[in-house]
Every structure is written in structure tokens, then in C-alpha cells.
Amino acid sequence: MWASAVKLVSCRLCIKETLLIRSYSVSGLACLNPTWSNLAVEEETSCTHNRAHSNHSITQLDTVKVVENLNSLRNEPTSAFSFFCQLEENGFCHNIYTYAAIVRILCSWGLQKRLDSLLLKIIGKDNDYPGFEIMDLFDILVQENESSNLFSRVSDALIKAYVSVGMFDEAVDVLFLAKRCGLAPSIFSCNFLMNRLVECRKVDMAVAVYGQLRRLGLSPNDYSYVIVIKALCKKGDFEEAANVFQEIEEEGLTPSAFAYSAYLEGLCAHRRSDVGSELLKAWVSSKVPIDAFAFTVVIRGLCNEMKLKEAENVLLDMEKHAFIPAMYDYKALICGYSKEGHLLKVLALHDKMLSKGIKTNCVIVSSILHGFCQMGMAFEAFNQFKEFKKMGIFLDEACYNVILDALCKMGKVEDAVDLFGEMKVKRMVPDVTNYTTLISGYCLQGKLVDALNLFEEMRGNGHKPDIIAYNVLVGGFSRNGLIEETFNLLDYMEAQGLKPNTTTHNKIIEGLCIGGKVKEAEAFLDSLEEKCSENYVAMINGYCEVNYTKEAFELFIRLSKQGFIGSKTSCYKLLSNLCREGKNDKALMLLETMLSLDVNPSQILCSRVIGTFCQAGDMTKAQSLFNSLDDRGLTPDLITYTMMINGYCRLNRLKEAYVLFSDMKKRGIKPDVITYTVLFGSCFAINLSRSHCVQHAVKSEERRMRLSTLWTEMKDMDVQPDVICYTVLIDRNCKTNNIEDAINLLREMIDRGLEPDNVAYTALLSGYFRKGDIEGAVLVVNEMEMSGIQPDDRTKSVLEHGILKARKVQFRH
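Residues numbered from 1 in each chain as written. Predicted model: local features only at pLDDT ≥ 70, side-chain atom pairs only at ≥ 80, totals over all residues. Heavy atoms only, no water.

Notes on the overall build of the protein
Let me state the cut-off plainly: By the criteria applied, helices consist of DSSP H or I runs no shorter than four residues and strands consist of E runs no shorter than two, each listed in order from the N terminus. To sort residues, take the accessible area from a 1.4 Å probe on protein chains only and compare it with the maximum for the residue type: under 20% means buried, over 50% means exposed, and anything in between is partly exposed. Should any heavy atoms of two residues lie within 4.5 Å, those residues are counted as being in contact. Each accessible area is a Shrake-Rupley result for a 1.4 Å probe, and residues are judged covered by the shown protein chains and nothing else.
Counting its secondary structure elements, the protein contains 46 helices and zero strands. Expressed as a percentage of its 813 residues, the buried residues of the protein come to 46%. Considering only contacts within the protein whose residues lie at least 6 apart along the sequence, 62% involve residues at least 24 apart. For the protein, the exposed surface amounts to about 41,000 Å²; the carbon and sulfur share of it is 52%.

Structure follows, in C-alpha cells:
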């Protein structure tokens, strides 16, 4: 560099013209030769006195002289580039010839980054146009008989520059200009262009460029094939993508692992992960060169489609074939199972991951904690959080916020405050979300002073409250009936430049209702200049919160006549109120109104109404609604089937109950212990007063056989009976004088580690008294005392009646 500086100082230009060079070369010259240093200082002093005249001279420099000086620095590219830039900084206007000179130098030395920045400056949309067409620059280089290597480098750089600023058409033009000049850019530039086209969703254009590669004299490489496979898969053209694999093999090449992964990724992106899974198995069997990422792609795709069992099988296959799972594989499964609430599976997978030496991260931990909270297990989430801390796992602000929210919803705001303080001790900087969560906790407890203090602390720490934070406070004030304070906060919020939104208004409407200010909520809704449907939904929710079910239903009907249905959440709230108050016809009307407006109610809504009709014994309406679930694409779940079966059993309509039970199993829905318990009760539904009738005796025997079949089936399906199930069986056996079977069930129950309760012992006690077996009854009472179970009123009543009956029998004898 120092030699180039000397050469620049000695250039045959006037001192004023070389002013630009001296500014960067003085320190270097001083290091090498005092004479050069003195010369530079003298020239610098001279320039200081003539600065204005110098700048004028710079602008008047002759293009030929600049080109000559650039050419003289051909072997010193860094100095040439600096000279070029400093001329421009001091007012010289470069033209096509000076640009051509510097481009030649940069290309010949392979200074790609500086060439890229230079070309970006020429084509950049935000910069002054240099005064010539970029294609003219190519003509200059061609006319000067530059080498093909230099021209290729320029075209590559220009393609990259155009692509970088999204000028794809111009980049393609450069490709064909190179072809007309008898040259071709590198395949790497074409790959760069195609890849960015795919990223920018210009898939057809990327495929078209690929189709022109051979016409341009280029042969695709591995990366080219991967890009075009990815592009075709994005289009959903999997057949054409498969043809690319054939094309690769026809070239005598082997598709790379990236190509196979790209194809699988395309299938998964189009929610065809099951096809990807089968294809992966076939490729593994065929020994194609796939890597661990192919398994990762399929696992992630299946998890996105919530096909978690299948994803877990792919993970097992991955390990079976000696591929090492990564954190991302476990993360997809853990997050998926967390969403579904399978928390035992989540923890087992997490433990397995850690046992393999794979480190967890905050995203996984946060997902686990959030899964507990979604299942209403806030306390367990807090305990798990503490367990993670003991394990030394790093927990970020997001993890802390999940637990802050959980503690606040449990009403343990003081514990949340302690945790908030712990964050500060650990030098974690609480953000607006953390503050807002704690403010919400205070508001829920009615501690508005504490909420406001925390709000001010947040502002004092440089965090600007967002609309969510204000909405939380507004909701807190309104829920506590503080009308004036609520509207004062609205004014303050607007003064801070934040306009109340729909959520703000909804918070006020619902909050005022909860705070006992229903009339004020109605007045506020009426006062809104621009009402929206969500505001009316908030009013329905507010009515439901304070059990103004009649008003909520009337508003719902009024809105439905205008063609609007509220959210499914508001519908569920209203439906719950209607069902709880026994207004079954209105509940059914709500569902029918939703259907008439082409709004399919959720399975939960339908199941709730079905359960209400079953409870009321109206199985005709329950069955009609149950049948309509399939028509709407809603498969009845286990709970719905069990409610229907129970409804029929309560009416002793066992044929219908067993038809439903059979249908449930055909659909692949596994009965649980509650379903079997309902059916066990039906097996004893006989008229005991007529049990001596031959017809009833036959039916009784049939039901005993059915009971035996159900009991065997239940064990075969690994459905474990619980205390209630055993108690039902004990009670029914006692009522049909099968006291030995009842005793055996009690012993089996105890052997399985289940503790019989008062109900089970009372049923057995009643059975002994029914047989007149006083000694057996005494043994039951003794066993109850030994188990520490105190007789309740029902037990005492059975004892009294049993003893009285025994005395009467004894008196007769």
C-alpha cells in the first residue's frame, strides 16, 4: 500500500488535483520515509489555503486523465478504488469510461465485494443515476476486447446486484446479453437468481430460468437441482419434481440428500406429510443417500398436521436406522403434544431428550409450561417451572411470563410479585409483556393502586405502555365499577397518542357488567359512534356473566336477524346459561339459528345441548341433534357418545344404548371407564318386584351374560375400573342377591390398591341385610372401622333399617 501511495503523490497531476489522494496516504508515508512525510505535509498546507479552488478544479478534471491514473494503478487495486471513491466524494462526476476503468481493475483482481458495492451504486433505486445505461458499460468492455473471464465476472456481479435489489427481469436480461456476446455467467450466479426467485414466490420464473440453463451453455449442479425441485414442490407439481430426479440420473449423477429433503419438504408444506412419511420409508429401504434432515422434515410436517403418533414413529425409525435425532425433532413433538394436553407424554419425551445429551431450550420449556396452563394445571406448571430451575435450565422472560400469568390466574399475585423480583435479581429486564401480566393480576384482585404503581414503574423504566397494557387497566377499572376513573384513563390514553380500539371498548362493556353497572355498559355501547359486531358480542358476554340470560338471548336473536352471529365463545356462554336454567328449547333455537346462517357450531356446543336433552330425558331431540353431527362433518366424541348411552340407559332403552356403543367402537373411539360403568348399571336394570316372572328371569340371565362380556372386554382393552365402577358393580350385585360376587369385587378392588369408600361399604351392608345375614353385616361394619371410614347418614339409615328388619324376623320366629 505504501508503494502505491508514493506513486499517487508523484502522479503528473497538479497538487490541487491530487488533494484527494494525500488525505489517506500521509500516515503511511510517514512510517516509511521522512521526506515523503514532509512533502505530504507541505502539500496539505498548500491545499488548506486553496480548498475552494481545489474543489472547483476537481470537478473540471478531464476524464482521460482520471482513466490514465486508474490504469496506472492497475496493479494496485485498493489504491485505485480509493482514488475513484475520493474523486466522487470531492465532486467529480464519474462517467461510463471511468466506471469501465475501475470495473476492469476490480474484476482482474477478483475484488468481488467492492465490485458488488460499485454495481449496486449504479443500479440502486435510491441513488442518483450515473448518467448511462448499465448495458452500455458492457458494450464498452466488449469493444475494448476484454477477456471473457473479465466479462463473466462482471455479468455475475451484475446479476447478483440486480437480484439483491429485487430487479429480477433485469437480472434475466443480463443472462441473455451474456449469451449474445458468446459468453455465459457462472452456474452459481444462476443458482443465486433462482433461489431468490423461489424465496420471493416467483416460482414460475425460477423454473423458466432453470429451463434455459442449457441454452445458456450451463450445466445444472447439485444446488440447481435442489432449487428447481423446491420450486416445483412449492407449486404442488410433485410429478414434475419427480421427473427432475430422473433427469439427474440420466446425467449419470446421484441425487443429493438435499434434493430428497427438498421433495419431502414440499410434500409436508402441502399437508401431505403422510405421503412424505411413506416415501421416506421407501427411500430408507432403497438405501438412497438421505440424511437426518429428511427425518426432521417429515417429523415437523406430521406435527404441524397434529399427526403426533405417526411423527413419533418416524423418530423411532430415525434412531433405528442410526440417525441421531436433534433438538428440533424433539421440539416438534413436545410442542405438538403440549397443544393436545398429553403432558405425561411431553415430560417423557423431554426426559428422553435430556438423557441423550440433547440440550433443551426456552421455546421447548415455555411450550411445556404453557401446556400445563392450558389444561388448567397452573399449580403443576409452577412446580414444573421450579423443577426446571433446579435442573439448571436457562429460563428466559417468556418462560417467566407463562408462570407469572399462571400465578395471577390462581390468585397468587404476591407469589407472582416475588417471581417478578427474582427476574430483576437475575438481571433479566422485564419487558412490557411481563409488566402487563402482573398488572392484570393486580386488576383481577381489585388491587388497582398496586396496578397503577406498577404501570408507573414500567413507564419509569423506559417501557412505553402499549394498547394491551392500557386495555388491561381499563378492564380493571371497569370491572371494579370505577366509571369515572375508566373514562379518565381513556382520555389519558388518547393524550399519549394511543387511540382506543375495539378491544378497549369491549373490555369496558364486559367490565362494567361484571362490576354491576349493566345500565352504564348499555349506555356506553349506545354512545359509541362507530359500533361494530364485536361490541355487541361483548354485551352478550357481559349479560351472561351476570346471568342476564333473557337479555343476552334477545340481543343474540336481534343480531341474528341482521345476519350476524357472535363468536363461538359468546355462543357457548349463552348456551351454557340457557342449559343451566333449563331453557332447552331456546338452546336448540340458538343452534338452529347458527345453522340457518351457515355458521357450523362446534362439537362442544352441540354436545352441551345433547347433554341437556339427555338429562331432561328428551332422547328424541338428543338423537336428532346427534345424527346431525355427521352431516356437518363433526364426528361425535367419547363424551357425547357416553352421554347418549347414559340417556338411553336411564330410560331402560338398552337396545338403542348398545347400538350406539357398537357404533362408537366401529368408529375407532375407545370406550373409557365411565362408558363401561354406565353400561354395567344397565345390566341390572330389572324390576325386582317381578323378578320371579319367567320372562324377567330370562332377561336377568341375558343381562348377567352381557355384564360378563363387558367386564372381559373392558380388561382386554386395558381400561382399568375405578372406585365408582367397582361400587356400581358391588351395589348391583347386592341388589340382585349376588352377595358372593359383590364380596369378590370388593377384595379385587382392595388388591388393586383402590380404597373402597362409604358408598361401596354401604352397598355391601345393604346386601347382607337384604339376605338377613346379620353376621356378615357386622363384619362389614368392623372392616369399615378398621379402615377408618366413619358411617355417614346413608350408612346409619341402612343400619337402622337392617337391625329393625332383623328384630321383626326374630320376633316372628
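A few points about the nonpolar core
The test is simple: Among buried residues, those of type Ala, Val, Leu, Ile, Met, Phe, Trp, Tyr and Cys that are joined through side-chain atoms within 4.5 Å constitute a nonpolar core.
Among the nonpolar cores identified, the biggest contains 242 residues, and Leu193, Ile229 and Leu764 are the most heavily contacted of them. Those residues in contact with Ile229 that lie beyond four places of it in its chain are Ala241, Val244, Phe245, Ala259, Ala262 and Tyr263.

Side note on the side chain of Thr675
Of note, Thr675 is situated in helix α40 (residues 673-682). Those residues in contact with Thr675 that sit more than four places away from it in its chain are Leu638, Thr642, Ile645, Phe661 and Met664.

Describing the environment of Leu575
One can find Leu575 in helix α34 (residues 568-580). Judged by its relative accessible area of 0%, Leu575 falls in the buried class. As for Leu575 and Ala587, which are separated by twelve residues in sequence, their C-alpha atoms are 5.7 Å apart. Excluding residues within four positions of it along the chain, Leu575 makes contact with Ala587, Leu590, Leu605, Arg608 and Val609.

Thoughts on the packing of helix α7 (residues 96-108) against helix α8 (residues 112-123)
Angle between the axes and distance between the axes are the two parameters that describe a pair of packed helices. Condition: A fitted line through C-alpha atoms represents every axis, and for helices the fit uses only the stretch in contact; the resulting angles, taken between N-to-C directions, go from 0 to 180 degrees. These descriptions rest on fixed angle ranges, namely under 35 degrees for roughly parallel, over 145 for roughly antiparallel, 65 to 115 for roughly perpendicular, and the rest for oblique. Crossing chirality is assigned from the near helix's rotation relative to the far helix, an anticlockwise turn below a right angle marking it left-handed and a clockwise turn marking it right-handed.
Orientation of α7 relative to α8, taken along the N-to-C sense of each, is 155°, at an axis distance of 9 Å. By the angle class used here, α7 and α8 are roughly antiparallel. Note on packing geometry: the crossing formed by α7 with α8 is left-handed. Contacts between α7 and α8 involve Tyr99, Ile102, Val103, Leu106 and Cys107 from the former and Arg114, Leu115, Leu118 and Ile122 from the latter.

Section: the side chain of Asn434
Put simply, the test is: Polar contacts here mean pairs of N or O atoms no more than 3.5 Å apart (in protein, one a potential hydrogen donor and the other a potential acceptor; neighbouring residues in sequence count only if both atoms are side-chain atoms).
Here Asn434 shows up in helix α26 (residues 432-444). Among the polar contacts made by the side chain of Asn434, one reaches the main-chain carbonyl oxygen of Glu397 at a distance of 3.4 Å.

A word on helix α15 (residues 238-250)
Turn by turn, an α-helix covers 3.6 residues, leaving residues three or four places apart pointing in a common direction. Here is the rule: To estimate how far a helix should extend, the number of its residues minus one is multiplied by 1.5 Å. Within this analysis, the arc is defined by the directions that extend from the helix axis to the C-beta atoms.
Between its terminal C-alpha atoms α15 stretches 19 Å, which fits the 18 Å expected from 13 residues at 1.5 Å a residue. The set of residues buried in α15 consists of Phe238, Ala241, Val244, Phe245 and Ile248. Angular distribution of buried residues about the axis of α15 spans 100°; they occupy a single face of the element. Facing away from the buried surface of α15 by more than 90 degrees, the exposed residues are Glu239 and Glu250. Considering only its buried residues, α15 is in contact with α13 (203-211), α14 (222-235) and α16 (257-269).

Here we look at the pattern of salt bridges
Heads up, the condition is: When a carboxyl oxygen of Asp or Glu is within 4 Å of a side-chain nitrogen of Lys or Arg, the pair counts as a salt bridge.
Applying the stated criterion across every chain yields a total of 28 salt bridges. Notably, a salt bridge pairs Arg196 with Glu199, separated by 3.6 Å at the nearest N-O pair. Taken together, the residues Arg196 and Glu199, both in helix α12 (residues 187-199) and three residues apart, mark about one turn of the helix. A salt bridge links Asp663 to Arg667; its shortest N-O distance comes to 3.3 Å. Salt bridges here are not isolated pairs; linked through shared partners, they connect Arg214, Glu247 and Glu251.

Considerations on unusual backbone geometry
Of note, Ala322 is a non-glycine position whose phi angle comes to about 70°, a positive value. Note that Ala322 resides in the loop between α19 (308-320) and α20 (327-340).

A short note on the packing of aromatic side chains
Heads up, the rule is: Note on aromatic contacts: the rings of Phe and Tyr and the six-membered ring of Trp form a pair at centre separations within 6.5 Å, being stacked when their planes are under 30 degrees apart, edge-to-face when over 60 apart, and tilted otherwise.
According to the stated counting rule, one finds 20 aromatic pairs in the structure shown. The interplanar angle of 55° and the centroid separation of 6.3 Å between the aromatic rings of Tyr263 and Trp283 together place this pair among those described as tilted. Taken as a pair, Tyr263 in helix α16 and Trp283 in helix α17 (residues 273-285) lie far apart in primary sequence, 20 residues in all. With relative accessibility at 13%, the residue Trp283 sits in the buried group. Measuring from ring centre to ring centre gives 5.6 Å for Phe487 and Phe524, while their planes differ by 35°; the resulting arrangement is tilted. In this pair, Phe487 is assigned in helix α29 (residues 483-495) and Phe524 in helix α31 (residues 518-527), connecting sequence segments 37 residues apart. Owing to a relative accessible area of 8%, Phe524 belongs among the buried residues under this scheme. An aromatic cluster is built from Phe238, Phe245, Tyr260, Tyr263 and Trp283, whose rings are joined through pairwise contacts.

Remarks on the environment of Lys735
Secondary-structure assignment places Lys735 in helix α42 (residues 723-735). Lys735 sits in the partly exposed class, given a relative accessible area of 31%. Distance in space between the C-alpha atoms of Lys735 and Lys771 is 9.9 Å, their sequence separation being 36 residues.

Description of helix α11 (residues 168-180)
The end-to-end C-alpha distance of α11, which contains 13 residues, comes to 19 Å, matching closely the 18 Å that a straight helix rising 1.5 Å per residue would cover. Here α11 has its buried residues at Phe168, Ala171, Val172, Val174, Leu175, Leu177 and Ala178. Looking at the residues trailing α11, positive phi occurs at Gly182, about 80°.

Examining the packing of helix α21 (residues 343-355) against helix α22 (residues 362-374)
The interhelical angle for the contact between α21 and α22, taken along N-to-C directions, is 160°, at an axis separation of 10 Å. One finds that α21 runs roughly antiparallel with respect to α22. The crossing of α21 and α22 is left-handed. Along the contact surface, α21 presents Leu343, Val346, Leu347, His350 and Met353, while α22 presents Ile364, Ile368, Gly371 and Phe372.

Let's talk about the environment of His321
Note on placement: His321 falls in the loop between α19 and α20. Residue classification places His321 among the partly exposed positions, given a relative accessible area of 36%. Separated by 37 residues in sequence, His321 and Val284 place their C-alpha atoms 8.3 Å apart.

A closer look at the confidence of the model for the protein
Basically, it comes down to this: Note on scores: pLDDT gives the predictor's confidence for each residue, bounded by 0 and 100.
Summarising the model, the protein shows a mean pLDDT of 82, and 86% of its residues fall at 70 or more. The secondary structure element of the protein with the lowest average pLDDT is helix α2 (residues 19-32), at 32, and the one with the highest is helix α18 (residues 292-304), at 95. Contacts for the low-pLDDT stretch residues 686-692, under 50 throughout, to residues beyond four places or in other chains number nine contacts. The low-confidence segment residues 809-813 (pLDDT under 50) makes zero contacts with residues lying over four places distant or belonging to another chain.

So, the state of the cysteines
Inclusion rule: The definition used for a disulfide is geometric: two cysteine sulfur atoms within 2.5 Å.
Inspection of every chain in the model, using the stated rule, returns zero disulfides. Here Cys335 is not disulfide-linked; the sulfur of Cys303 is the nearest cysteine sulfur, at 8.7 Å.

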